[in-house]
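Each chain is listed here by its residues.
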Amino acid sequence: MKISLPKHQKVTASHLKRQAYCYVRQSTLKQVFENTESTKRQYALRERAISLGWPIVQIVTVDSDLGETATSVADREGFRKLMTEVSLGRVGLVMGLEVSRLARNNADWARLLEICAITDTLILDEEGIYDPTDFNDRLLLNMKGTFSEVELHVLRSRLRGGALSKARRGEFKTRLPTGFVYDHNDKVIIDPDKQVQQSFRLFFDIFQRTGAAFATVKAFRKDDVKFPLRIHCGPNKGSLQWQTLTYSRTQTILRNPRYAGAYYYGRQRSRKNVDGSTTYFCVPQDEWIVSLKDAHPGYITWDQYEKNLCRIRENAIAYNNIDRKTPPREGQSLLQGLVVCGKCGQRMTIRYKYQCKGRVEPAYLCQRNRIEKGENSCQYIPGAGVDEAISKLLIESVTPLTLEVALEVQRELETRFNEADKLRKQQVERAEYDANLARRRFMQVDPDNRLVADTLEAEWNEKLRDLQKATDYYEKHRRLDSEKPQKEQKTQILNLARDFPKLWKNPKTPAREKKRMIRFLIEDVTMIKAEEITLAVRFKGGATKTLKIPLPPKGWQHAQTDPEVIKLIDDLLNNHNYSEIATIFNERGYKSGTGMPFDRKNVKGVTHSNHLKTRYARLRSTGKLTAEEVAKLLGVTIQTVRLWGKKGIIKTYPYNDRNGRLYEHPGVNSPLRKKRKKAL
Ligand SMILES: [Zn+2]
């Protein structure tokens, strides 16, 4: 069995060669200011290390966590640094006031102990020095860690218990929303500021009248009425600020039961995430820990509060129903979630607009300001041509060739990086050599020659500091270096490029997959609408490309007929009427502006809307006569003229489908004359 060595015998030359880390921590900023005593104690530990034989230059104080309260390593830069240094075997001694509280949870502590044991690092606190490789010492340290965690737990539950029992009586002071203040007896009262009171009364009145949060925002905006906000922190704590009422603020106020005079506690819960951060979320009303109605005066009654909530919910459902008519996530717009407004920088949302004949078209809408502040929406961009332009751009830009070039450049950079790395490494080696030289000089000097020894010692220290600096610099650049893409990734990228156009053009590739691919390639797309639509595409990796596409035709322009067709109609009208033209077109396979086959009506429509000369006008201009005119000319009845027309005695020209006809001028060979000649 190994016998525990006396304190000083635990420290060996190998320990002394390495650094001693003194870890100083204070949880809150307040502690940093007020609890200077313990900071002093922590700094006193340095003296212990010096007395154990560590040179003062080798003692590093880690105090970057002063003022951090995180209970896990994740947010504590200083502790992380300590762990790294220990695991690299650069540390001979770790010091802390109560070492078990170095780490604030047992898992972190156990890990630190484990690493200390592997790297043969000693641990020191006010009560003694421990060697984690020694079983008894490690047991003790583990116990200390456990107790520390227990202590923390007990402390927390005691505090929480106290808070809870106070909260159950409605006496636990929580932060009041704007519109309420505590009086000198800590009772909640309505803000004595008359303007604040009036603002809130007006707010609830308007909501009751309009029944919608958005309408309330708009009403405030229309009359340019500002809304109060009491600042909760910072140098202006407690003062009032008058701001524009926003939609999110409206929602917060309507949902806060305090405005109905109710006291609540535990409306929000928190959940720890894997990365050490915390997420807060609201729980339903029946899960609140405390909820006391009529605890203090309010602006509205509880009934009114519940009605308001109901109203918000109904509005949300109504809104969703409208929304659901458009495909929510499966929509085919490729740029979903990637579009940024070129005018204000906000993300743009997508609307799917149903055009005639079941055609769905995306449109991009910047409406954050509209929702939040009741202003007009910033931009509305019809997106018909956008997806096509982006697809074309991708197929053009994502080719194996372009990617090969990009990767080549990367390789080039890497080689240069390696060269730089070599140079930096040499710098470290030189510093190491200098430090060794200085040490040897110091060792060789006669101890009695104090003056020389002191100078040499100072020189040695300086060299050691230089070495440290060089090493840090080197390590830092190495780390940056290691973040570059690996070889496998490169092959994957190249493969994607090779298959890309094939995959993209395949009609079986679902829009969802295309969207996923786009997210690999494009960072975002900024859109501005002017005479044309400008798309600034930012690729992943920094390359940019600007596209310009014409504005898609407006609704009425959609139904416009091809100019070629119009010209053809113009030609055909010389010899044909509307239905004949329609038949000719359908035989030749032409389609109208709305994509339908031609008929008499739309040929007529095109003729009129394009101001073409009608068939009738054309015939008239070549001197064709109406039946009445012929009758008058020949001195016969209209019926006779028509009969002659039918029998072919006079040549006729139909100008419509209802048997409307014009007649050839009888001239010298008029049928009447022929008749008369016969009679003679
Ligand atoms: Zn905008």
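As a reminder, the structure under discussion sits directly above these lines.
Residues numbered from 1 in each chain as written. Predicted model: local features only at pLDDT ≥ 70, side-chain atom pairs only at ≥ 80, totals over all residues. Heavy atoms only, no water.

Student: Help me understand the coordination of the zinc ion, please; the structure alone is not making it clear to me.
Tutor: Geometry sets the ideal angles at a metal, namely 109.5 degrees for four tetrahedral donors and 90 or 180 degrees for six octahedral donors. Within the protein, Cys-341 (SG), Cys-344 (SG), Cys-366 (SG) and Cys-378 (SG) serve as the donor atoms for the zinc ion, at 2.3 to 2.4 Å. One can describe the donor arrangement at the zinc ion as tetrahedral, given that its four donor atoms subtend angles of 100 to 117° at the metal. Expressed as a motif, the donor residue spacing for the zinc ion is C-x2-C-x21-C-x11-C. Separated by 12 residues along the polypeptide, Cys-366 in strand β16 (residues 360-366) and Cys-378 in the loop between α12 (368-373) and β17 (379-382) bring together distant segments of the chain. Residue classification places Cys-378 among the partly exposed positions, given a relative accessible area of 26%. (Donors = N, O, S within 2.8 Å, 3.2 Å for Na, K, Ca; no water. Tetrahedral: all angles 85-135°; square planar, octahedral: opposite > 155°, others 65-115°. Helix = DSSP H or I, 4+ residues; strand = E, 2+ residues; numbered from the N terminus. Buried < 20%, exposed > 50% of the residue type's maximum accessible area, 1.4 Å probe, protein only.)

Student: Even after reading the chapter, I still don't get the sheet that holds strand β5 (residues 128-130), so can you show me in this structure?
Tutor: Strand pairing in a sheet is mediated by backbone hydrogen bonds. Such pairs are either parallel or antiparallel. With mixed pairing, the five strands of this open sheet are ordered in space as β2-β1-β3-β4-β5. Two strands close off the open sheet at either side, each with one partner strand: β2 (59-62) and β5. Within the sheet, the average angular offset between the axes of one strand and its neighbour, ignoring direction, is 20°. Pairing of strand β1 (residues 19-23) with strand β3 (residues 91-95) involves four bridges; the strand directions are parallel. Counterpart to Cys-22 in the pairing with β3 is Met-95. Running over the sheet, helix α5 (residues 77-87) touches β1, β2 and β3 and is turned about 160° from β1. (Pairing = 2+ DSSP bridges. Axes fitted to C-alpha atoms, helices over the stretch in contact; angles between N-to-C directions. Contact = heavy atoms within 4.5 Å.)

Student: Would you mind showing me how to read the packing of aromatic side chains here?
Tutor: Aromatic ring pairs: the centre-centre distance and the angle between the two ring planes describe each pair. Going through the model one piece at a time under the given rule, you end up with 17 aromatic pairs. With centroids separated by 4.9 Å and ring planes inclined at 65°, the aromatic side chains of Phe-200 and Phe-227 adopt a geometry described as edge-to-face. Placement of Phe-200 in helix α8 (residues 194-210) and of Phe-227 in strand β8 (residues 227-230) is noted, with a sequence separation of 27 residues between them. Consider the rings of Phe-204 and Tyr-259, whose centres lie 5.8 Å apart with planes at 55°: the pair is tilted. Linking Phe-204 in helix α8 with Tyr-259 in the loop between α10 (247-255) and β10 (263-265), this pair joins segments that are 55 residues apart in sequence. Phe-204 sits in the buried class, given a relative accessible area of 5%. One aromatic cluster in this structure is built from Phe-180, Phe-200, Phe-203, Phe-204, Phe-220, Phe-227, Tyr-259 and Tyr-299. A cation sits over an aromatic face here: Arg-267 above Tyr-264, 4.7 Å from the ring centre. For Lys-624, the ring lying beneath its charged end belongs to Tyr-653, and the centroid distance is 5.0 Å. (Phe/Tyr/Trp six-rings, centres within 6.5 Å; stacked < 30°, edge-to-face > 60°. Lys NZ or Arg CZ within 6 Å of the ring centre and 35° of its normal.)

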